[in-house]
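Observations on the three-dimensional arrangement
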Amino acid sequence: MTRRLLWVSLPDQRARRELYWMSRMPDTKVTALAAQEPVGDITWVPSTYRRPIKRFIEAGAFAWVDGLERQPASEYDWVTSLELCSLVTGQASKYRRRASGRVKQAVITWENMPYQPLYRVPPYKQALESARGADLLLCMVDAARDHLLLNGFTDEQIRVVKPGVDTEIFRPRRDGADRPQIVFTSPLAENKGIDRVLEALQIVRRSVPEATLVVAGQGPLRPLVEKAAADPSNGVSLAGQLDAHGVADLLASSAVFCTAPRPTWKWSEQLGLAYLEAQATGLPVVTTRCGTNDEAVHAPNLLVDDDAEALADGLLRFLQDTALRTSVGAHNRARMLAEHDLATQCARMGDAFADVERS
């Protein structure tokens, strides 16, 4: 029997993430309300949003989707959304209640801050409370389970399945990766620490003058990167926004992956898909310790303090030791195949839904 899943997107939903993974679950047909056409085998319902304030994004977006109430409950087995406090999750809860037991509700969550400050703001708190009747809370990190239990949800509602990475796209190819090229593939925002990585590069170049940094991504700190890239003596280049294949090619031509996340008032690093992509491509990772990114970045990769000197020391450790770099890269590739292969993890997500359906 095919599972019929209705996905209610956030207005800023990122591609090839949660919705895409749902579409890759076996025996699952997905319909998505979304502003942009999603990637994958998905029936798209083009949707608009009521959004009086545009300051906040993703799960914090102050926005409601239009048209959910017009979707016939008889055509779906599940209504699913991202994060407990998102306002579209509140809408999904209302849809479930109106369906009077005919539709189950699932909420996907990465939340690793037990005392998330948004939970105290009335609209977000209402969404959280409305989700207490959800049938499945699918956690993308172990820390999310702890967060849910501390917030009074029951263990029976919770399943943990770590996200996967496409190990066919992200794979070692080693074309030119012997050169000392550092790679950053994340949003160009303060919380991802591109400023700290740029500082660390200049320290690295005192010992390895030929070391370079290639930056891929978009965001408010792009002018900072453009300024650094404008001077060839800095060793910085900007690749811009790349698709999955472009990111994979860039990673494959690099020696070490580096970011420097730091927490904000309502966010800390949860897992970091960029870490998984880098490790699947056979790169060692050097990054700052933040939130629960230790769930993605295991030794012998390096988690360091939020300090340019500490980042530089970690980068030099790998850049100056080819054998170590190769060994850690092979270890990372093997772990991604064993623990984060996309097809396997999507099947496990399907198993979580099936487990609830059988109960």
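The text that follows walks through the structure, step by step, so that each part is easy to find.

Parameters at a glance
Residue numbers restart at each chain and count upward from 1, following the sequence in its written direction. The predicted nature of this model means local features are confined to residues of pLDDT at least 70 and side-chain atom pairs, given and counted, to a pLDDT of 80 or more, with totals for whole chains, interfaces and linings taken over all residues. Only hydrogens and water are set aside; all other atoms, that is, all heavy atoms of the structure, feed into the side-chain values. Segments assigned H or I by DSSP are reported as helices when at least four residues long, segments assigned E as strands when at least two residues long, and all are numbered from the N terminus. Our radius of gyration is a C-alpha quantity, and the globule rule it is checked against amounts to 2.2 Å times the number of residues to the power 0.38. Residue exposure (1.4 Å probe, protein chains only): buried if accessible area is under 20% of the type maximum, exposed if over 50%, otherwise partly exposed. Residue burial considers only the protein chains on display, and all accessible areas are found by Shrake-Rupley using a 1.4 Å probe. This count recognises Lys and Arg as positive and Asp and Glu as negative, with His and chain-terminal groups excluded. Every charge is mapped to an atom, namely NZ of Lys, CZ of Arg, CG of Asp or CD of Glu. To get an axis, a line is fitted to the C-alpha atoms, and for a helix only the part in contact is used. The angle between two axes follows their N-to-C directions and goes from 0 to 180 degrees. To sort the angles, those under 35 degrees are grouped as roughly parallel, those over 145 as roughly antiparallel, those from 65 to 115 as roughly perpendicular, and the leftovers as oblique. Each crossing gets its hand from how the near helix is turned against the far one by less than a right angle, where anticlockwise is left-handed and clockwise is right-handed. For this analysis, residues touch if any pair of their heavy atoms sits within 4.5 Å. Polar here means any residue other than Ala, Val, Leu, Ile, Met, Phe, Trp, Tyr, Cys and Pro, which are nonpolar, and Asp, Glu, Lys and Arg, which are charged; Gly is therefore polar. Any two rings among Phe, Tyr and Trp, with Trp reduced to its six-membered ring, count as a pair given centres within 6.5 Å; such a pair is stacked if its planes are under 30 degrees apart, edge-to-face if over 60, and tilted if neither. Charges are assigned to positions over rings by a cutoff of 6 Å between ring centre and Lys NZ or Arg CZ, combined with an angular limit of 35 degrees from the ring normal.

Moving on to the overall build of the protein chain. Broken down by element type, the protein chain carries 11 helices and 15 strands. The C-alpha radius of gyration computed for the protein chain amounts to 21 Å, which stays within 12% of the reference 21 Å derived for 359 residues, consistent with globular compactness. Seen along its three principal axes, the alpha-carbon backbone of the protein chain occupies a region of about 65 × 40 × 35 Å. Within the protein chain, the proportion of its 359 residues that are buried is 58%. Accessible area of the protein chain: about 15,100 Å², with a carbon and sulfur share of 51%. Averaged over its 43 positive side-chain charges, the protein chain has a centre that lies 5 Å from the centre of its 45 negative ones.

Turning our attention to the packing of helix H2 (residues 87-98) against helix H3 (residues 122-130). Packing of H2 against H3 brings their axes to within 8 Å, and their N-to-C directions diverge by 40 degrees. Comparing the axis directions of H2 and H3 gives the class oblique. Viewed along their axes, H2 and H3 form a crossing whose handedness is left-handed. In contact with Leu 87, Thr 89, Gly 90, Ser 93, Arg 96 and Arg 97 of H2, H3 contributes Pro 123, Tyr 124, Ala 127 and Ser 130. When grouped by side-chain class, the residues that make up the contact of H2 with H3 number four nonpolar, four polar and two charged.

Let us now look at the packing of aromatic side chains. Taken as a whole, this structure holds five aromatic pairs when the rule is applied. Relative to Tyr 124, the ring of Phe 62 lies with its centre 6.3 Å away and its plane at 70 degrees, an arrangement referred to as edge-to-face. Here Tyr 124 lies in helix H3 and Phe 62 lies in strand S5 (residues 62-65), a separation of 62 residues in the sequence. Here Tyr 124 falls in the buried class, since its relative accessible area comes to 3%. Seen in terms of ring centroids, Trp 78 and Phe 353 are 4.7 Å apart; in terms of plane orientation they differ by 75 degrees. Their pairing is edge-to-face. Of this pair, Trp 78 sits in strand S6 (residues 78-82) while Phe 353 sits in helix H11 (residues 342-358), and the two are 275 residues apart along the sequence. Among the residues examined, Phe 353 registers a relative accessible area of 0% and is labelled buried. These aromatic residues form a ring-pair network of at least three members: Phe 62, Trp 64 and Tyr 124. A cation over an aromatic ring shows up here: Arg 132 above the ring of Phe 153, its NZ or CZ 4.5 Å from the ring centre. Just above the ring of Trp 265 sits the side chain of Lys 266; from NZ or CZ to the centre is 6.0 Å.

A few words now on unusual backbone geometry. Along the chain, Ala 299 connects to Pro 300 via a cis peptide bond; the corresponding omega equals 15 degrees. Relative to the elements of secondary structure, Pro 300 occurs in the loop between strand S14 (285-288) and strand S15 (302-304). Located in the positive-phi region is Arg 16, a residue other than glycine, with phi close to 60 degrees. Note that Arg 16 resides in the loop between strand S1 (3-8) and helix H1 (18-23). Residue Arg 16 is classed as partly exposed on the basis of its relative accessible area, which comes to 33%.

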